[in-house]
Amino acid sequence: MSNFAAPSAPFAPAIASASFVPSAVAVASVASAPRAPAPRAPALARRSIQDLPDELISQIAAGEVVERPASVVRELVDNALDAGASEITVRLLAGGVRLISVEDNGCGIPPEELPVALRRHATSKIRDLQELEGVATMGFRGEALAAIASVSQTSILSRTADGDSAWLLDARSGELRRAARAQGTTLEVKELFFSTPARRKFLKTDATELAHCVESLRRHALARPDVGFALWHEGKLQAQWRCLPADTAPAQALARRLADVLGAAFVENSLPFERHSADLGGITVYGRAGLPDAARPRADQQYSYVNGRYVRDKVISHAAKAAYEDVLHGHKQPIYALYIEVDPLRVDANVHPTKIEVRFRDSRAIHQAIKHAMEDALAAPRAQALAATAAAVDATTDAALTTVTAATPSAAWQPQRQQMPMPLGAAAPLSAQQLSQLWQPLRDKAPAPEQVQEAPLPFTPAIAPAIPATPAPAASAASHEAWPLGRAVAQIHGVYILAENAQGLVIVDMHAAHERIVYERLKTQLGQNQPISSQPLLIPATFAATPLEVATAEAHHASLQQLGLEIAPLSPHTLAIRAVPAVLAQGDATALARQVLAELQQHEASALVDRARDDILASMACHGAVRANRRLSLEEMNALLRQMEHTQRSDQCNHGRPTWRQLDMNALDALFLRGR
Ligand code: ADP
Ligand code: MG
């Protein structure tokens, strides 16, 4: 229903004339060509400078703070939260245009302060500049109630803990009288913009305004899982988000709230993260980061909070994007809920009238904290956590919480804090030696594997995935059942590996998975500031090169060495490859060399080479990864699965696509209509 379909009498003429006149003007100006110059306003006689009346000042301020009903909801709920409420109920009529009522069970306002609350620049939240700089409440500007009251019919009903009754103040008449109410406050805002029809006409349909109000309350609800919220529209309950008992673990309460507000899929498709750093008097970053698979075409599920306040901030969104750099490609937008707790003195909340923007004093540190927190969560291979989750679901009897626990085993919540031992059944990371043995040499030029010296896999405690302390009960029988990605059973068309694990069937894209493993290995080696370990070729591979290739090989000799390649000119038209990266020893050396030379040609200065390093490594990895149509033995397939379980970001290939999928027994049964 539109606000204007059946406008209440006083507004009808204003709206009708306002919408009619501009369109008439528009038609006239299009029709008359050439356009007549716009009529100039007649020069006004100079008027004296005067103070604006108070009411008008508030109405002007309302222009910034109160854009639509949803802004009123935001301000009133902010106030309720600042008052320490644990239950907040919002009631709306006509999308909030007719009525917005916000009821809380907070501390209340004593009767003598009720008129003060409505005054401009009157606040209980700060007293001086020092308090402004360290402000920790949602509000502090003392202008919301005054602004709202100036463009609506507002009343406040409130009772404090020690008040003998509640008091009702009508903002327009100033009448104050006793009324009935339990402790807390009810703010009623009726007929928004009734005194400023020009603004009222910018409002959209009731349905649209309602949607904005719901979104506004959602943002609050996501910030405060410890507070219960309800939203009624036209007497119907639109949304209700209850809080869990006070002793619920914060991570569980958050997961539950996210599932309630954003849907269970948000939690199922996201990973928890939490990171504390001691910098700047402590920065804590926590929340849930969506899996790369769950990314969306639009950035419509990105919620970020600073000290409980919903904000939109470039530093934050850039840091989050950077965290996905290596696992999400193209223009897809990740989903996340991100919470930053930082010393209030280090963040300026007073940069925007609606406080949706903040300014960090140390944006670099904030950027780093966010990026690392999310990156670490996304890097840990997920198969292990998934296996643990499945076991946890089997074990749990709390049916009410199943959907939440399923996605957030409490052990997985704290990847940084709890460093658990590896599961007994899991294979130790393979050495480079074993790896190169398993990837059978395609060529015989490579020397014996014993010569290969390489750092162990990048499996350090800091990035260890969360694994429950107790081994999964379901995975106790055979050791292979404890392997998160299971035991390889077959290869399909030289493309996919099939494996059996405790949950059912695992399907792996072997090229995609191997490509990631090789890429991560190369990155880790270079990241340790050593050259990539290379393997000399017993018989150098020579190839006919273009003069440009020869020149590039000479100019970038040092970079090539860093990349594990030893390439030297034999003649003006011939290059010889004497060594290749150990992990790529089985590939076609000439094709690899050509590929890398082509990449290097694009980056003349070595500084640029450094910046493009990951790209170069990715294309080397793609080149060196096992090709489709290679027959693998079961041993080789199992080796690949074990590698995946211990390689960061191995759930996505270098191009952001998934490397494996799980079909659990339920999914398989569904295929065959079993148990229906
Ligand atoms: P601000 O929130 O910036 O202080 P407001 O105009 O929103 O300014 O509110 C003015 C004052 O009214 C607040 O400082 C607070 O003391 C009081 N107040 C407003 N809403 C409530 C509420 N729901 N419960 C208790 N006190 C409230
Ligand atoms: Mg306020």
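Residues numbered from 1 in each chain as written. Chains lettered and ligands numbered in written order. Predicted model: local features only at pLDDT ≥ 70, side-chain atom pairs only at ≥ 80, totals over all residues. Heavy atoms only, no water.

**Re the confidence of the model for the protein**
- Of the residues in the protein, 78% have a pLDDT of 70 or more, and the chain-wide mean is 80.
- Per-residue pLDDT stays below 50 along residues 1-33; that stretch engages in 25 contacts with residues further than four places along the chain or on separate chains.
- This stretch, residues 395-477, has a pLDDT under 50; its non-local contacts, to residues over four places away or in other chains, come to 139 contacts. (pLDDT = per-residue confidence, 0-100. Contact = heavy atoms within 4.5 Å.)

**A few points about the environment of Pro-484**
- Mapped onto the elements, Pro-484 comes out in the loop between helix 17 (479-482) and strand 16 (487-492).
- Each C-alpha atom of the pair Pro-484 and Gln-384 lies 5.2 Å from the other, and the pair is 100 residues apart in sequence.
- With sequence-adjacent residues up to four places away left out, Pro-484 is seen in contact with Ala-383, Gln-384, Ala-387, Asn-501, Gln-503 and Glu-645. (Helix = DSSP H or I, 4+ residues; strand = E, 2+ residues; numbered from the N terminus.)

**Notes on the site of ligand 1**
- Not every one of the 19 residues close to ligand 1 is listed here, only the nearest: Asn-79, Thr-123, Ser-124, Lys-125 and Gly-142.
- For ligand 1, an oxygen atom lies 2.6 Å from a polar atom in the side chain of Lys-125.
- A distance of 3.3 Å separates a nitrogen atom of ligand 1 from a polar side-chain atom of Thr-185.
- In isolation ligand 1 exposes 530 Å². Once the protein is present, 92% of that is buried.
- Broken down by secondary-structure element, the contributors of at least two residues to the shell around ligand 1 are helix 3 (69-82) and helix 6 (144-150). (Near = heavy atom within 4 Å. Polar contact = N/O pair within 3.5 Å; in protein donor to acceptor, adjacent residues only side chain to side chain. Areas by Shrake-Rupley, 256 points an atom, 1.4 Å probe, with all protein chains shown as cover.)

**Here's the deal with the nonpolar core**
- Ranked by size, the top nonpolar core spans 62 residues in total, and within it Val-66, Leu-76, Val-77, Ile-88, Val-90, Phe-229 and Leu-258 carry the most contacts.
- Once residues within four sequence positions are removed from consideration, Leu-76 is found in contact with Ile-100, Val-102, Leu-145, Ile-148, Leu-187 and Val-189.
- In this structure, Tyr-519, Ile-532, Phe-543 and Val-550 belong to the second largest nonpolar core, which totals 32 residues. (Core = buried A, V, L, I, M, F, W, Y, C linked by side-chain atoms within 4.5 Å. Buried < 20%, exposed > 50% of the residue type's maximum accessible area, 1.4 Å probe, protein only.)

**Overview of the pairing of strand 5 (residues 176-179)**
- Here strand 4 (residues 166-170) runs beside strand 5; their pairing, made up of four bridges, is antiparallel. Paired with Trp-167 across the strands is Arg-178, a residue of strand 5.
- Hairpin connection between strand 4 and strand 5: a loop of five residues separates the two successive antiparallel strands, and Gly-174 in this loop has a positive phi of roughly 80°. (Pairing = 2+ DSSP bridges.)

**Remarks on helix 3**
- Compared with an ideal rise of 1.5 Å per residue, which puts 14 residues at 20 Å, helix 3 spans 20 Å between its outermost C-alpha atoms and is within 8% of the ideal.
- Counting buried residues along helix 3, 11 of its 14 residues qualify, which places the element largely inside the surrounding structure.
- Regarding helix 3, the residues found buried are Pro-69, Ala-70, Ser-71, Val-72, Val-73, Glu-75, Leu-76, Val-77, Asp-78, Ala-80 and Leu-81.
- Gly-84 lies just past helix 3 and shows a positive phi near 80°. (Expected span 1.5 Å × (residues − 1).)

**Regarding the sheet that holds strand 10 (residues 283-290)**
- Strand order in the open sheet made by the five strands is 9-10-13-11-12, with mixed pairing throughout. One side of each edge strand has no neighbouring strand; the edge strands of this open sheet are strand 9 (270-277) and strand 12 (309-310).
- Looking at chain direction, strand 11 (residues 302-306) and strand 12 are connected through two bridges and run antiparallel. Bridging across to strand 12, Tyr-305 finds its partner in Tyr-310.
- Of the strands in this sheet, strand 11 and strand 13 (336-342) are in contact with helix 11 (residues 314-323), which crosses strand 13 at around 125°.
- Helix 12 (residues 363-379) contacts strand 9, strand 10 and strand 13 of the sheet and is inclined by roughly 140° relative to strand 9. (Axes fitted to C-alpha atoms, helices over the stretch in contact; angles between N-to-C directions.)

**Focus on the pattern of salt bridges**
- Under the defined criterion, the tally for this structure stands at 35 salt bridges.
- Between Arg-178 and Asp-164 there is a salt bridge, with its nearest N and O atoms 3.6 Å apart. Placement of Arg-178 in strand 5 and of Asp-164 in the loop between strand 3 (153-159) and strand 4 is noted, with a sequence separation of 14 residues between them.
- As a salt-bridge pair, Asp-226 and Arg-224 come within 3.0 Å of each other at their nearest N and O atoms.
- Relative accessible area serves as the criterion here: at 46%, Asp-226 is assigned to the partly exposed category.
- For Arg-224, a relative accessible area of 26% puts it in the partly exposed group.
- Each of the salt bridges in this network shares a partner with another, and the network as a whole consists of Asp-326, Arg-516, Glu-520, Lys-523 and Arg-649. (Salt bridge = Lys/Arg side-chain N within 4 Å of Asp/Glu carboxyl O.)

**Topic: the packing of aromatic side chains**
- Evaluation of the coordinates by the stated rule reveals four aromatic pairs.
- For the pair Tyr-305 and Tyr-310, a centre-to-centre distance of 5.6 Å together with 70° between the ring planes defines the contact as edge-to-face. Each member of the pair, Tyr-305 as well as Tyr-310, carries the same accessibility label: buried.
- Of the aromatic side chains, those joined through ring pairs into one cluster are Tyr-286, Tyr-303, Tyr-305, Tyr-310 and Tyr-339.
- The ring of Phe-202 has Lys-201 sitting right over it, with the charged end atom 5.6 Å from the ring centre.
- The ring of Phe-140 carries Lys-355 above its face, with NZ or CZ at 5.6 Å from the centroid. (Phe/Tyr/Trp six-rings, centres within 6.5 Å; stacked < 30°, edge-to-face > 60°. Lys NZ or Arg CZ within 6 Å of the ring centre and 35° of its normal.)

**Considerations on the sheet that holds strand 21 (residues 574-581)**
- Taken in spatial order, the three strands line up as 19-21-20 in an open sheet, and their pairing is antiparallel. Two strands in the sheet have a free side with no partner beyond their single neighbour: strand 19 (534-544) and strand 20 (566-571). Put simply, the sheet's adjacent strands are angled 20° from each other on average, direction ignored.
- Running over the sheet, helix 21 (residues 589-601) touches strand 19, strand 20 and strand 21 and is turned about 80° from strand 19.

**Describing the packing of helix 18 (residues 510-527) against helix 24 (residues 634-646)**
- Direction vectors running N to C along helix 18 and helix 24 enclose 55°, while the axes themselves pass 10 Å from each other. In terms of orientation, helix 18 lies oblique with respect to helix 24. The handedness of the crossing between helix 18 and helix 24 is left-handed. The segment helix 18 lies against helix 24, with Met-510, Ala-513, His-514, Ile-517 and Arg-521 engaging Leu-640, Gln-643 and Met-644.
- For the contact of helix 18 with helix 24, the residue count by class is five nonpolar, two polar and one charged. (Parallel < 35°, antiparallel > 145°, perpendicular 65-115°, else oblique. Left-handed = near helix turned anticlockwise from the far one by under 90°. Nonpolar A, V, L, I, M, F, W, Y, C, P; charged D, E, K, R; others polar.)

**Points about unusual backbone geometry**
- Backbone geometry places Phe-193, a non-glycine residue, at a positive phi of 65°.
- Residue position: Phe-193 is located in the loop between strand 6 (184-190) and helix 7 (197-200).
- Its relative accessible area of 0% is what places Phe-193 among the buried residues.
- In this structure, Asn-307 takes a positive phi of about 45° despite not being glycine.
- Assignment of secondary structure puts Asn-307 in the loop between strand 11 and strand 12.

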